[in-house]
Amino acid sequence: DAFGQITRPAKPMIDALVAKYPNVQVEQWIPHGFQLAGVNIRGRLDFIGRRLGDGLIANITDWKTTSAFDQYAKTPYQLRKDAQMLIYRAGAEKMGCDETLEMSHGYFQTKGTRREEMVTTTINRAQLSEGRKQLLRSAWQRGCPFELQFRLLGTLVGCHRGRD
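Counting from 1, residues in each chain are numbered in the order their sequence is written. Restriction of local features to residues with pLDDT of at least 70 applies here, the model being predicted, together with a cutoff of 80 or more for giving and counting side-chain atom pairs; totals for whole chains, interfaces and linings are based on all residues. With hydrogens and water excluded, all non-hydrogen atoms of the structure serve as input to the side-chain values.

### Topic: the overall build of the protein
Each helix is a run of DSSP H or I of at least 4 residues and each strand a run of E of at least 2, with the numbering of both proceeding from the N terminus. Within the protein one finds 5 helices and 9 strands. Order of helices (α) and strands (β) in the protein, N terminus to C terminus: α-β-β-β-β-β-α-α-α-β-β-α-β-β. Going through the 164 residues of the protein one by one, you find that 39% of them count as buried. Residues are treated as being in contact if the distance between any of their heavy atoms lies within 4.5 Å. Across the protein, every contact between residues at least 6 apart in sequence was considered, and the portion connecting residues at least 24 apart equals 62%. Summed over its atoms, the accessible surface of the protein is roughly 8800 Å², and 50% of this surface lies on carbon and sulfur atoms. With a 1.4 Å probe rolled over the protein chains alone, any residue whose accessible area is under 20% of its type maximum counts as buried; one over 50% counts as exposed, and the rest are partly exposed. Working definition of accessibility: Shrake-Rupley area with a 1.4 Å probe, residue cover restricted to the visible protein chains.

Take a look at the structure:
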């Protein structure tokens, strides 16, 4: 059985997403050589939904587990400003998506009453541009302009200027 005890109740949510975007990719690597402000970024996208016909990316969903949805889940506004989602959005641009993109966190609550919920927002090109500036400001404030580390899929991925 591909679905565990936690994710089994979420099957209808996943099925709905696949019904909306039948042309899907799972665990898709961000293209080799993708850089953000001179920093090489490597990581995988959990779920990519592509439009039928032209095959352009229409949705990126990142699956999350949380012990308390109401306490830890992001709002659509927070999702739009989230560093990981901005990096994913920039990666989608590198993969040919230059339109407004639907970005989602699919949450699975692991404690108490089982709960699954999708939080979705959109990020357009102007928001992505502002987000890139925000990421750079944040990196400079932390004193690490060219060594950024992001948790992607539970694996620490080092991103270093000029090398993988």
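### What about the side chain of Gln109?
Within the element layout of this structure, Gln109 appears in strand E6 (residues 101-109). Polar contact criterion, stated in full: a pair of N or O atoms within 3.5 Å, where within protein one must be able to donate a hydrogen and the other to accept it, and residues adjacent in sequence count only if both atoms are side-chain atoms. There is a polar contact of 3.2 Å between the side chain of Gln109 and the backbone oxygen of Lys111. For Gln109, the side chain forms a polar contact with the main-chain oxygen of Thr113, separated by 3.0 Å.

### Details of the pattern of salt bridges
Salt bridges are identified by distance alone: a Lys or Arg side-chain nitrogen within 4 Å of an Asp or Glu carboxyl oxygen. Taken as a whole and assessed by the stated rule, the structure comprises 9 salt bridges. A salt bridge links Arg51 to Asp54; the nearest nitrogen and oxygen atoms lie 2.3 Å apart. On the basis of relative accessibility, which here comes to 28%, the residue Arg51 falls in the partly exposed class. You can call Asp54 partly exposed: its relative accessible area is 45%.

### Describing the sheet that holds strand E5 (residues 57-66)
Taken together, 5 strands build an open sheet; the order of strands is E1-E4-E5-E6-E7 and the sheet is mixed. Where the open sheet ends on each side, the last strands, each with one partner, are strand E1 (23-29) and strand E7 (115-123). In this sheet, neighbouring strand axes are inclined to one another by 25° on average, regardless of whether the strands run parallel or antiparallel. Helix axes are fitted to C-alpha atoms over the stretch in contact, other axes to C-alpha atoms as well, and angles between N-to-C directions run from 0 to 180 degrees. Those strands touched by helix H4 (residues 83-94) are strand E4 (44-50), E5, E6 and E7, and its axis lies near 155° from that of E5. Think of it this way: DSSP has to see at least two bridges between two strands before they count as a pair.

### Concerning the nonpolar core
Each nonpolar core is a collection of buried residues, namely Ala, Val, Leu, Ile, Met, Phe, Trp, Tyr and Cys, held together in the definition by side-chain atoms within 4.5 Å. Counting residues in each nonpolar core, the largest one holds 26 residues, and the members touching the most others are Leu45, Ile57, Ile60, Tyr88, Leu101 and Met103. Of all elements in the fold, only E4, E5, H4, E6, E7 and helix H5 (125-141) reach the threshold of two or more residues within this core. Per-element tally for this core: the top contributor is H4, with 6 residues. Sequence-distant contacts of Met103, defined by excluding residues within four places in its chain, comprise Ile60, Leu79, Met85, Tyr88, Arg89, Val119, Thr120, Thr121 and Ile123.

### A short note on the environment of Val24
Within the secondary structure, Val24 is located in strand E1. In the structure, Val24 is positioned 36 residues away from Ile60 in sequence and 9.9 Å away in space, judged by C-alpha atoms. Among residues more than four places away in sequence, those in contact with Val24 are Phe47 and Ile48.

Keep in mind that these numbers describe shape and distance, not what the molecule does.
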